[in-house]
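Examination of the molecular architecture
These are the residues of each chain, in order.
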Amino acid sequence: MAGPPIYSTHSWQSTGAARGRRWRRRAGWLLFLVLVLGMLHVEARTSYLQALLLPDYAQSLRFEVKEGPSDAIRFPRWGPFDLRMGYVRLPAMLERLQQNDFVIDRQARMSPEMIRYVDAGLYAAFREKTRAGLIINDHQDRTQYDFRYPRQAFNSFADIPPVVADTLLFVEDRKLLDPQSPRKNPAVNWGRFLKATLAKVGDSMNIDTPSMGGSTLATQIEKYRHSEDGITGSIGEKLRQMASASVRVYQQGADTMPARRRLVLDYLNTVPLSAAPGHGEVNGIGDGLQVWFAADLDEVKAALLSKPIGAEELELQGRALRQVVALIVAQRRPSYYLVQRRDQLEELVDAHLRLLRSKELIGQELLQAALETRLQFRDFARNRAVRPVDSGKGVNMVRSRLMSLLGVPLYDLDRLDLVAQTTLDGPLQQEVTQFLRDLGDPETARRSGLVGEYLLKPGQTADLRYSFTLFERTPHGSMVRVQTDNTDMPFDINEGSKLELGSTAKVRVLVSYLGVIAEMHEDVAGKPDFIRAQLRDPDLDRLGRWVLERHRDDPDISLQELLAEAMERRHSAHPGEVFITGGGAHTFGNFKREDNDRLPTVRESLRESINLPFVRMLREVISHITYQQWSDLQAVRKDD
């Protein structure tokens, strides 16, 4: 007979206990997940942990400038702003400068933490400039040239009209300046970032998902400043932007509100807004207003801050608001909206203006005034956006030399983050330039003693071009204090011309004359037998014979004594001789007829600028060189 079923109490109890443990583990994991999600939610809303951990780390990312070349520095490799300001090119520029006898006097040293941070692929954390450009100072640090770029900019957060800041935040990041979260990390909007990530994943799986951007103002600034080509090419690059921006905003402490206000200021002053003819790239709302709409930033600010009391003032305020909204909206596709499809931009502006009104960020009257006006773009053919450049000769000379030294074109040079110290004396340069220009006036030229016999005739003063260079002898060498002319053109006579001037030719002849004598002194001093043998040569040139005879008569004569005597040699100033040159037969005259019968010394000829003695000195030099090169002239002449 079959008995009743037998149940194991132990087996039933073991199975129940196992199920209980599994439920407890699941409940534990569920509770842990809830806690983690809760903490992530709180962290996303308050940035509590980031504000706790990042400030100390961010403040360890330091640098300091010390004497001599740096052994602890990293240079950026790409990024639109790093390229424009010259940071990417610094290694090549420094090498070129050192090849031209410049030395590195001081250079930045990064802290070890900063080195590791940059080597990890993040962007160096420091307070970045929003405006930079070539500045040229004179020898007393007085500014002679200032190409600050962007040209027009908001000076501080308080300088921004509230409606401009409100419009930007409404379009880009509405909770950026939320006072309820003083420690919030403005670089990360977790909701938008997760949606953008899911959209990317969907795209990779060929799933049709709505496009969503995960950018904040902070990451946008990192992108167009430092990312390669100013774009986000991958999720990894987006993470790099987020991490770099997060560290940057906590460098001043856990309270990020000052950093968030600075983000608004920096974005408005640096946002890329395409490029325009005659101006080049456009960055910042201030320059955008000036370039695209021929509007002045100060006037726009005044209009938006005013309380209109009439239709005309309300119209001005509406136009100013429309221009600002247009630039803020256009920044997402600036070339498309500002150059190609301005009609679409008008429609977008109208839509955004209505949204601003629906959120009570602008009043009904201002909305109506802004809707009734249209964008008036600059006509670049008739009204070019060319920035006037100081045409001062000294400044142009410095820019030209810097362009050559650094190996960059003039457009790029003006936009470098560069201060150049020169030897010029700014006020004196301006005084001399003005004096040379005034010499074009007949009366000024007459008072200056330039009109008269052997000088200018009436009516010639306006056609004369003057060039002037002044050196000052200092313990460190001769310094150029003035270099200018009166051409009123970019062309610089001092730097850009090769002129055959009588006085310059005389100096060249004198240098050659004294150089030949110095070389002979070095060759024959202390060689009496050689001197006697050379003097027996009937074909010996006149200048060489004089040098040998002086050494024969005074074997101990020094170079200084010989050169001093050479300056006292006499040459005829008579113009009656015909000189045979490579160009044929030539005759020469003196500036003053009274000099024709003189026999002046070399020193007198130089001081009084007498022509013929120098022609004869040049003939002596040529004869000496010919003798040295062709010692047996008779043999050369016989051999066709």
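So, here's what we can say about the structure. Please read these numbers as outputs of a predicted model, since none were measured by experiment. (Residues numbered from 1 in each chain as written. Predicted model: local features only at pLDDT ≥ 70, side-chain atom pairs only at ≥ 80, totals over all residues. Heavy atoms only, no water.)

Before going further, it helps to spend a moment on the pairing of strand β5 (residues 272-276). When β5 meets strand β6 (residues 280-283), the two strands line up antiparallel, connected through 3 bridges. When the sheet's bridge partners are listed, Ala275 is paired in β6 with Glu281. Hairpin connection, β5 to β6: the antiparallel pair is bridged by 3 residues, and Gly278 has positive phi, about 80 degrees. (Pairing = 2+ DSSP bridges. Helix = DSSP H or I, 4+ residues; strand = E, 2+ residues; numbered from the N terminus.)

Now for the pattern of salt bridges. Opposite charge on two side chains makes pairing possible when the charged atoms of those side chains draw close. Throughout the structure, instances matching the rule amount to 41 salt bridges. With a closest N to O distance of 3.0 Å, Arg89 and Asp412 form a salt bridge. Within this pair, whereas Arg89 is found in the loop between α3 (80-84) and α4 (90-99), its partner Asp412 is found in helix α18 (residues 410-414), the two being separated by 323 residues in sequence. Using a relative accessible area of 27% as the deciding quantity, one classes Arg89 as partly exposed. Of the charged contacts in the structure, one is a salt bridge between Glu608 and Arg607, with a shortest N-O distance of 3.9 Å. For Arg607, a relative accessible area of 57% gives the class exposed. Within this structure, Glu128, Glu222, Arg225 and Arg248 form a network of salt bridges that share partners. (Salt bridge = Lys/Arg side-chain N within 4 Å of Asp/Glu carboxyl O. Buried < 20%, exposed > 50% of the residue type's maximum accessible area, 1.4 Å probe, protein only.)

A separate point is the environment of Pro80. Within the secondary structure layout, Pro80 lies in helix α3. Of the residues examined, Pro80 reaches a relative accessible area of 31% and is grouped as partly exposed. Counting along the chain gives 192 residues from Pro80 to Pro272, while the straight-line C-alpha distance between them is 9.9 Å. Discounting residues that sit within four places of it in the chain, Pro80 has contacts with Tyr224, Arg225, His226, Ser227, Asp229 and Gly230. (Contact = heavy atoms within 4.5 Å.)

Applying the stated criterion to the full structure yields 2 cavities of 30 Å³ or more. The calculated volume of the largest cavity comes to roughly 200 Å³. Forming the walls of the largest cavity are 16 residues, and the residues nearest its centre are Arg127, Arg248, Arg262, Leu263 and Asp266. When contributions to the lining of the largest cavity are tallied by element, the ones reaching two or more residues are α8 (217-226), α9 (235-249) and α10 (257-270). Of the residues assigned to the lining of the largest cavity, the class counts are 7 nonpolar, 2 polar and 7 charged. Here the second largest cavity is characterised by a volume of approximately 50 Å³. The wall of the second largest cavity is formed by Arg151, His279, Asp287, Gln290, Ala385, Val386 and Arg387. (1 Å grid on protein atoms, 1.4 Å probe; cavity = no way out; pocket = protein on both sides within 12 Å on 5 of 7 lines; lining within 4 Å. Points joined across faces, edges and corners; volume = space filled by probe spheres on them. Nonpolar A, V, L, I, M, F, W, Y, C, P; charged D, E, K, R; others polar.)

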